[in-house]
Structure formats: structure tokens, C-alpha cells
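Now for the letters of each chain:
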Amino acid sequence: MLPAHALLSAFLTFQTPAPAQPATPAQAPTSEEAATAAERAASSAERAAAAAERAAEANARMAEAIESLARGIARTAPGAEQPPAEQKPETAAEKKEEARKDVWDVTVGLGLIFITGNASTVTFNGLVAAERKSEHWIYSVKASGVYGESRPPGLQGEVVTVAQVTALNAALQLRGDRRFTERISGYLLGAADTDHVRSVEFRGSGEAGVGIIWLDEKRKDGGEAFLRTDLAFRYAREMRFQYYPTPTNLPDVSIGGPRLGVAFKYGLSKDVAFLEEFSVLPSLVDDSRLLINSQTQLTVRLTKALSIATTFLLQYDSVPAAGKLPTDTSLSVSAAITF
């Protein structure tokens, strides 16, 4: 099929007047008639040339119009690729946040107290915490341990007193959250810990519950605010053994009941942050029992990766092992490195 502009060009060409035919020899014109005929022929030729030029210009304009129309139809046809929409350039904070998505955030903390001389004391604590967030999942791992021993002061020349263990505990916790919405998630948690000073040989526990994020925002000054509550059911089996002062086997106990947990973090500035983790568990298995844990922490960032953390820990057990006090507290200062 011929293009439309070719058809139009042929039509205009056919409409151009044809040049006059020369007279036959039988009708020989006079000189005056021949001159007049020549003038008319020249005039007709000029008009034909002008008409042909106008037709060519019209053909060119028509071809351009048809080509433009074809491009417009191609752009609006179904399935045709659309030009990319103009997007606002991302800020540096948005680019950094996008790069941090779906990666592990790891923090390692270490603390040490070491005293020698008239008295001898050493206390070491370590912490490793890792968290990974994706569109539908949140994974977290926490591991901690404390060891401490102390030798009471004595007099020179006397028998050296034996150092006594003042702290020996460790804990591991694994948690996985499945996000139902941006704010609500269901989670499973597994934990194991030991504390020889409190006569806990080993305690394994499992937990299932729902977490609700009430607040999760980052401010323009670099600080952040986060608030999450957990409502779950936990079951644990606690194997007891008295290590100090005299090794003695103790009966094991079970723990089971609803647990309420709160995790709150608030950045006072981009370099100073306050953290509070609180949980309460009333046990309905075996004897009636109440367990409360609270960890309060103030973190000051010195460099991009290095910070100093001051932590106050409170642990309350209404029915501890025989001969043990119900409440333990500790205050520690440690250096933390974030990867």
C-alpha cells in the first residue's frame, strides 16, 4: 500500500494544466498569432512550474504530519513503553537507609575490671547482638556472658586467702518475627542461660507471641524513637544445682505463663541514646512465682563505630533457689563496636 503523501502528490500533479499542443501544419498561424501563442505557452509553463512547486511543499508538510501522527499513535498504543517519570533525587539519608535494608547490624561490647595488690578482683563481661530486617521478617540474636572473682584483702605474711567466684553466667537468645503488617508481627523465641551463683545449672525456654511496634521514627537531628510491646506465652525448664559454697543437688522446677515485654529506645541526640528493656512473667506452673527483668542502658557514641555504654541490670525472682536472695543488680560500663 502506497503512503498517503505519495497518493496526494500524484493527485496534485494530475490537476496541473497541460501545455498547449502546437498547431498542425494544415492550420499554419500568422506571425502575430504565433507570438501570442508563444506568450500563452510561456505563461502556462510558469503556472505549471509554480503549481508543481506548491504541490511538492504540500507533499512535504503532509508527510511530516503523517509521521508525527504515527509517532503519537505508537506512544499511546497498549503495551508501548512509556518514558520514565521524573523522580525526585534521593537524599543522602534515604540512600543510606536503603543501603542498610536487609543486612545484619552487629554490635559487640566488652567490659573489664581488674584490680591487684592488697585485694584482687577481676570482672569481665561481653555482649554480642545482631539484628536483620527485611520486608517480611526480623531476625535477632543476643549472646552475653559475665565472669568475676575476688580475693578479700589480707595482711602481709598471713596465709593468702582463696579467691571466690562472684559472677559466672551466660545467656543466648534467638528470635524470629514474621511481619503481618508494618506494625504487627508474630514471633517465636528460643533462649538458654546458666547462672552458677544463683544455683541455676541450665534453663531452656521457648516462647510464642505477638509484637506490636507503636513507634518507629528517625528525626532530622539524627536521633530515633522506638517502642515495641510483646504479649506472649513462655515455658521454661530450670535445672538447679548449688555450686557455692558447698556443691549440692537441688530439685528442678518449671516456669510457664504469660509474658509482657516492652522495648523502648529514644535518641536524645544523634550521639546519645537511652534504651530500656522490661519484662514481667507470672509463672502458673508448679509454685506461684513472679520473674521481673529490667535492663536500662545509656549509650554515648564517640566515633561512627565506637561507643561507650553504661548498663544497669535488675533481676527479680520471687521464689529463688534455696538460700539465695530474690533480687540481683549490676552496674557496668563497656565499650561497644557497631558493624
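Residues numbered from 1 in each chain as written. Predicted model: local features only at pLDDT ≥ 70, side-chain atom pairs only at ≥ 80, totals over all residues. Heavy atoms only, no water.

Each helix and strand in the protein was counted, giving three helices and 13 strands. Here the protein holds 339 residues, and 21% of them are scored as buried. The contacts in the protein between residues at least 6 apart in sequence include a share of 50% that link residues at least 24 apart. Carbon and sulfur atoms make up 63% of the accessible area of the protein, which totals about 22,900 Å². (Helix = DSSP H or I, 4+ residues; strand = E, 2+ residues; numbered from the N terminus. Buried < 20%, exposed > 50% of the residue type's maximum accessible area, 1.4 Å probe, protein only. Contact = heavy atoms within 4.5 Å. Areas by Shrake-Rupley, 256 points an atom, 1.4 Å probe, with all protein chains shown as cover.)

Here the focus is the pattern of salt bridges. All told, the structure shown has 16 salt bridges when counted by the stated rule. A salt bridge links Lys142 to Glu277; the nearest nitrogen and oxygen atoms lie 2.9 Å apart. Placement of Lys142 in strand 3 (residues 137-151) and of Glu277 in strand 10 (residues 272-283) is noted, with a sequence separation of 135 residues between them. With relative accessibility at 27%, the residue Glu277 sits in the partly exposed group. Here Glu238 and Arg289 are joined by a salt bridge, their closest N and O atoms 3.3 Å apart. Of this pair, Glu238 sits in strand 7 (residues 224-242) while Arg289 sits in strand 11 (residues 289-301), and the two are 51 residues apart along the sequence. The exposure classification of Glu238 matches that of Arg289, with both residues buried. Linked by salt bridges that have partners in common, Arg175, Asp177, Glu207, Arg228, Asp230, Arg234 and Arg259 make up one network. (Salt bridge = Lys/Arg side-chain N within 4 Å of Asp/Glu carboxyl O.)

Quick look at the packing of aromatic side chains now. Under the criterion given, the structure shown has four aromatic pairs. Plain terms: the ring middles of Phe241 and Tyr243 are 4.9 Å apart, the flat faces sit at 70° to each other, and that makes the pair edge-to-face. Of the aromatic side chains, those joined through ring pairs into one cluster are Phe241, Tyr243 and Tyr244. Its guanidinium or amino end placed over the ring of Tyr187, Arg175 lies 3.7 Å from that ring's centre, counting from NZ or CZ. (Phe/Tyr/Trp six-rings, centres within 6.5 Å; stacked < 30°, edge-to-face > 60°. Lys NZ or Arg CZ within 6 Å of the ring centre and 35° of its normal.)

Examined against the element boundaries, Asn249 turns out to sit in strand 8 (residues 248-249). A relative accessible area of 62% means that Asn249 is categorised as exposed. Through-space distance from the C-alpha of Asn249 to that of Met239 is 9.6 Å; in sequence the pair is 10 residues apart. Once you skip the residues sitting within four places of it in the chain, Asn249 turns out to touch Arg240 and Phe241.

For the rest of this paragraph, the subject is the pairing of strand 6 (residues 200-218). Strand direction decides the pairing type here: strand 5 (residues 184-195) and strand 6, joined by 11 bridges, are antiparallel. In the strand pairing of strand 6, Ala192 is matched with Gly204. Linkage of strand 5 to strand 6, two consecutive antiparallel strands, is achieved through a turn of four residues, within which Ser199 is found at a positive phi near 65°. Linking strand 6 back to strand 7 in an antiparallel pair, the connection comprises five residues, with Gly222 at a positive phi of about 100°. (Pairing = 2+ DSSP bridges.)

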